[in-house]
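Here's the letter readout for the chains.
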Amino acid sequence: MFTDLHLHTTFSDGTYSPEQLAAEAKRFSFVAIALTDHDTVEGCTRMKSACEAGSIEFIPATELTCEVAGVELHMLGYFLDVEHPRLLKQMTRFQTGRQDRIREIVARLRKLQVPLEEEDVFALANCKSPGRPHVARALIQRKICASLDEAFERFLKKNRPGWVPKEKITAEEALALIHEAGGLAVVAHPGLARTEEALPALIEAGIDGIECFHTKHSPSASEYYVGLAEQHNLAVTGGSDCHGMNKGKPLIGSIKLPYQYVRQLKERLRSGHPARAQAKAASVTTQI
Ligand code: AMP
Ligand code: FE
Ligand code: FE
Ligand code: ZN
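The structure displayed is predicted, hence computed values, not measured ones.

Asks: Please explain the environment of Q95 as it appears in this structure.
Replies: As for its position among the elements, Q95 is in helix 3 (residues 85-111). By relative accessible area, Q95 is classed as buried at 9%. Put simply, Q95 and S29 are 66 residues apart on the chain and 33 Å apart in space, counted from C-alpha to C-alpha. Other than its neighbours up to four places away in sequence, Q95 contacts D39, T40, K128 and S129.

Here it is in structure tokens:
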């Protein structure tokens, strides 16, 4: 029995619809999956129905953009109440920020005489949480770039002319929000970018788990993170980070996480991790 706890759909920068993703999950015989679209939980309702139709257990989740000491990192939130008002309010903020950012990226590219229209990107993204991959695809559609990599290398990476920073919250805010919405907070792909250097602060801040298994982690990196999670009594998770056909071959199936890790997450949720209990107490106090 296997699961994949890191997947994207057309509700952010993936290319599979929830129904297509459920069909792929079925093809790989996954018994449970989590949808972790960037800065949105909008796809969860359709994903849940699609999973139900395929007798796959569905875990509502998200991947939040946050930062600690100036380092951008991604925080996964699992088992969220996708109707939680404060969570939804923050999602709206993220999404408005992402849409404004697309306009700014396009404006910068146009200054360089790149013939791209905002509407090219928005039509192609067709979601509330657009990102750079949508700009990259629009550049390909306009035959300005030949590949996603070329688009990122020439225009979209940090320090390139189309680079615009993203709306972020602090890691502490992300943790509190996920806990308030009833979920577990797990740091995504610690082996990527500069997340590694933020790990001690994140552990101190009270994360619930570490995404030890990820397509871009080497076996020795995964082993190292499992050791770290055990040392700090944190949950172990893993997922493919599949974005559909974004880069040719879909990544789903590259990580097959044993289902026992989902059981452990649920156990952690039931037993009420100290950090979560604190967040609950804090939110109750706020309401009073
Ligand atoms: P954004 O959220 O708009 O900053 O875009 C980040 C997303 O872009 C990541 O989640 C990846 O899906 C994707 N990405 C980052 N670098 C590349 C790249 N070189 N080629 C294709 N996709 C990329
Ligand atoms: Fe992405
Ligand atoms: Fe990520
Ligand atoms: Zn992701």
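What follows picks up the thread again.
Asks: I'm lost on the coordination of the iron ion (ligand 2) in this one. Help?
Replies: Around a metal, the idealised angle for a tetrahedral arrangement of four donor atoms is 109.5 degrees; for an octahedral arrangement of six donor atoms it is 90 or 180 degrees. Distances from the iron ion (ligand 2) to its protein donors, D13 (OD), H38 (NE2) and H243 (NE2), fall within 2.1 to 2.3 Å. Here the iron ion (ligand 2) and the iron ion (ligand 3) are spaced 5.7 Å apart. Residue D13 is located in the loop between strand 1 (2-4) and helix 1 (18-27), and its partner H38 is located in the loop between strand 2 (30-35) and helix 2 (44-53); the two are separated by 25 residues in the primary sequence. Taken as a pair, D13 and H38 share a single burial class, namely buried.

Asks: Sorry if this is basic, but what is going on with the packing of helix 5 (residues 132-141) against helix 6 (residues 148-156) here?
Replies: The description of two packed helices rests on the angle between their axes and on the distance between the axes. Interhelical geometry of helix 5 versus helix 6 gives an angle of 105° and a closest axis separation of 9 Å. Taken together, the axis directions place helix 5 and helix 6 in an arrangement best described as roughly perpendicular. Of the residues in helix 6, those in contact with R132, P133, V135, A136, R137, L139 and I140 of helix 5 are L148, A151, F152, F155 and L156. Of the residues belonging to the contact of helix 5 with helix 6, the class tally is ten nonpolar, no polar and two charged.

Asks: What am I meant to see in the side chain of T65 here?
Replies: Examined against the element boundaries, T65 turns out to sit in strand 3 (residues 57-68). Residue classification places T65 among the buried positions, given a relative accessible area of 0%. Separated by 2.8 Å, the side chains of T65 and D39 make a polar contact. Other than its neighbours up to four places away in sequence, T65 contacts D39, E72, L73, H74, F94, R98, K166, E167, K168 and I169.

Asks: Can you walk me through the coordination of the zinc ion (ligand 4) in this structure?
Replies: Note on the zinc ion (ligand 4): its protein donors are H6 (NE2), H8 (NE2), E63 (OE) and D241 (OD). The metal-donor distances range over 2.0 to 2.3 Å. Sequence spacing of the donors to the zinc ion (ligand 4): H-x1-H-x54-E-x177-D. Here the zinc ion (ligand 4) and the iron ion (ligand 2) are spaced 4.6 Å apart. Of the two residues, H6 sits in the loop between strand 1 and helix 1 while D241 sits in the loop between strand 8 (235-239) and strand 9 (257-258), which places them 235 residues apart along the sequence. Given the relative accessible area of 10%, D241 is considered buried.

Reading the values: rules and limits
Residues numbered from 1 in each chain as written. Chains lettered and ligands numbered in written order. Predicted model: local features only at pLDDT ≥ 70, side-chain atom pairs only at ≥ 80, totals over all residues. Heavy atoms only, no water. Helix = DSSP H or I, 4+ residues; strand = E, 2+ residues; numbered from the N terminus. Buried < 20%, exposed > 50% of the residue type's maximum accessible area, 1.4 Å probe, protein only. Contact = heavy atoms within 4.5 Å. Donors = N, O, S within 2.8 Å, 3.2 Å for Na, K, Ca; no water. Axes fitted to C-alpha atoms, helices over the stretch in contact; angles between N-to-C directions. Parallel < 35°, antiparallel > 145°, perpendicular 65-115°, else oblique. Nonpolar A, V, L, I, M, F, W, Y, C, P; charged D, E, K, R; others polar. Polar contact = N/O pair within 3.5 Å; in protein donor to acceptor, adjacent residues only side chain to side chain.

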